[in-house]
Amino acid sequence: MTYLANPTRYSDMTYRRCGRSGLQLPALSLGLWHNFGGVDTFENYRAILHTAFDQGVTHFDLANNYGPPPGSAEENFGTILKKDFLPYRDELIISTKAGYTMWPGPYGDWGSKKYLVASLDQSLKRMGLEYVDIFYHHRPDPNTPLEETMAALDLIVRQGKALYVGVSNYKAEETAQASAILKKLGTPCVIHQPKYSMFERWVEGGLLDTLEKEGIGCIPFSPLAQGLLTNKYLQGVPEDSRAAKPHGFLKTAMITPEKLEQIQQLNALAQERGQSLAQMALSWILKDPRVTSVLVGASRPVQLLDSLECLKNTNFSAEELEKIETILK
Ligand SMILES: NC(=O)c1ccc[n+]([C@@H]2O[C@H](COP(=O)([O-])OP(=O)(O)OC[C@H]3O[C@@H](n4cnc5c(N)ncnc54)[C@H](OP(=O)(O)O)[C@@H]3O)[C@@H](O)[C@H]2O)c1
């Protein structure tokens, strides 16, 4: 099968500027953390990627360790890139990261220059790419000087192996420090990838303000709380859900009766707004102009199509926002 991209793929998508950079991202981006690994089904994840690009989702997010096994999501993505997306390479923003355990020994984890440079070289090989568009340091390293980690990001850009750099899971203060170092080096920090959803609000306690001040874009991950902020767990745990999979990072213990009660109430409010709960959860994040793009996951094409509908209504009345706060208390 030869893949031909939908000719109208740019007609409905909104692109938002990433901080004060030249980079624009689709309001909704696709992450390959789950559902694209060696344990998953090729034709299914290939169809998810086609659906995404056909709807104007130009940004695919990876990391060295996505799978399982680690590395397999990048390999699988590389296979599909070669088969289907090479003619569209210049229309794509592909990101990867290093920062979590990838290989044994002291050089396969955290934030040393040795690890970041070697890991990106491995990622490029797995994906069959000459460069990635964005390279992230995946998590702060308390034992490596921040200057060294940021110098590694700067080096990678100067080597032409990444066009832009960002950080993930850095707290507000760490982000401000990283940004100051990178500015001095001449390679600005363009994007931050934090966990943010109705159930995970830490970024509101200073990070979003820091990002705005520094001119850094924000791409929240797990905006659906890995599927909790959808209608999928309302009637139990479906067999094919992330929570039911042994390698899934969502554990059934996280689906507590209190959470379910909140999900029920949020679901009712979403229905009043004429949205699915997934759509409302995504719209709720996108209402903040400091957010560049929401980074969703999907286990099938239809979920992505459902999620994309969130772009049709990202406005909330004061009353709706208040209701959400009351439910989440
Ligand atoms: N930087 C970091 O440290 C970090 C950490 C985690 C993730 N990320 C990035 O963020 C991306 C997204 O994370 P995530 O997968 O946890 O995001 P998420 O969007 O919160 O959860 C995705 C899951 O929600 C369910 N879902 C998605 N759309 C749905 C819909 N419309 N209706 C019903 N259910 C729906 C699916 O669950 P089922 O699989 O059960 O069907 C899907 O796998 C990752 O792929 C990765 O790129 C980054």
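For the structure, see preceding data.
In this report, the structure presented in the accompanying data block is examined.

### Observations concerning helix α9 (residues 301-308)
Residues L304, S307 and L308 constitute the buried set of α9. In a view along the axis of α9, the buried residues occupy a sector of 100°, so they form one face of it. Among the structural elements, β3 (28-31), α1 (42-54), α8 (277-286) and β10 (294-296) are those in contact with the buried residues of α9.

### Some thoughts on the pairing of strand β6 (residues 132-137)
Where burial is concerned, most of β6 is hidden: six out of the six residues are buried. On the question of chirality, the crossover connecting strand β5 (residues 93-98) to the parallel β6 by way of helix α3 (residues 113-127) is right-handed. Sheet analysis places β6 next to strand β7 (residues 162-168), joined by five bridges and oriented parallel. When the bridges of β7 are listed, I134 appears paired with Y164. You can see the chain leave β6, run along helix α4 (residues 146-158) and come back into β7, and the turn it takes is right-handed.

### Description of the sheet that holds β10
Taken together, eight strands build an open sheet; the order of strands is β9-β8-β7-β6-β5-β4-β3-β10 and the sheet is parallel. Either end of the sheet is taken by a strand with one partner, and the two such strands are β9 (217-218) and β10.

### Examining the packing of helix α5 (residues 172-185) against helix α6 (residues 207-214)
Where α5 meets α6, the closest approach of the two axes is 9 Å, and the angle between their N-to-C directions is 15°. By the criterion of interaxial angle, the relationship of α5 to α6 is roughly parallel. The handedness of the crossing between α5 and α6 is right-handed. The residues of α6 that touch α5, namely those facing A172, T175, A176, S179 and K183, are L207, T210, L211 and E214. Among the residues making up the contact of α5 with α6, the classes are represented as four nonpolar, three polar and two charged.

### Some points on the site of the ligand
In the neighbourhood of the ligand, 32 residues make up the surrounding shell, with D61, S222, K232, R242 and S299 lying closest. A distance of 3.2 Å separates an oxygen atom of the ligand from a polar atom in the backbone of G31. Between an oxygen atom of the ligand and a main-chain N or O atom of Q226, the distance comes to 2.9 Å. Protein contact buries 96% of the 910 Å² of open area that the ligand shows by itself. Spatially, the ligand is embedded in the largest pocket. At three residues, α9 tops the list of elements feeding residues into the shell around the ligand. Across the shell around the ligand, the residue classes break down as 11 nonpolar, 15 polar and six charged.

### As for the nonpolar core
If you look at the biggest cluster of nonpolar residues, it comprises 92 residues, and the most contacted ones within it are L30, F60 and L266. Of the residues forming this core, the biggest block, eight residues, is contributed by α8. By size, the runner-up hydrophobic cluster in this structure holds 11 residues, among which are C18, Y136, V190 and L295.

Reading the values: rules and limits
Residues numbered from 1 in each chain as written. Predicted model: local features only at pLDDT ≥ 70, side-chain atom pairs only at ≥ 80, totals over all residues. Heavy atoms only, no water. Buried < 20%, exposed > 50% of the residue type's maximum accessible area, 1.4 Å probe, protein only. Helix = DSSP H or I, 4+ residues; strand = E, 2+ residues; numbered from the N terminus. Arc of directions from axis to C-beta. Contact = heavy atoms within 4.5 Å. Right-handed = clockwise from strand over helix to strand, strands pointing away. Pairing = 2+ DSSP bridges. Axes fitted to C-alpha atoms, helices over the stretch in contact; angles between N-to-C directions. Parallel < 35°, antiparallel > 145°, perpendicular 65-115°, else oblique. Left-handed = near helix turned anticlockwise from the far one by under 90°. Nonpolar A, V, L, I, M, F, W, Y, C, P; charged D, E, K, R; others polar. Near = heavy atom within 4 Å. Polar contact = N/O pair within 3.5 Å; in protein donor to acceptor, adjacent residues only side chain to side chain. Areas by Shrake-Rupley, 256 points an atom, 1.4 Å probe, with all protein chains shown as cover. 1 Å grid on protein atoms, 1.4 Å probe; cavity = no way out; pocket = protein on both sides within 12 Å on 5 of 7 lines; lining within 4 Å. Sits in = over half its atoms within 2 Å of the grid points. Core = buried A, V, L, I, M, F, W, Y, C linked by side-chain atoms within 4.5 Å.

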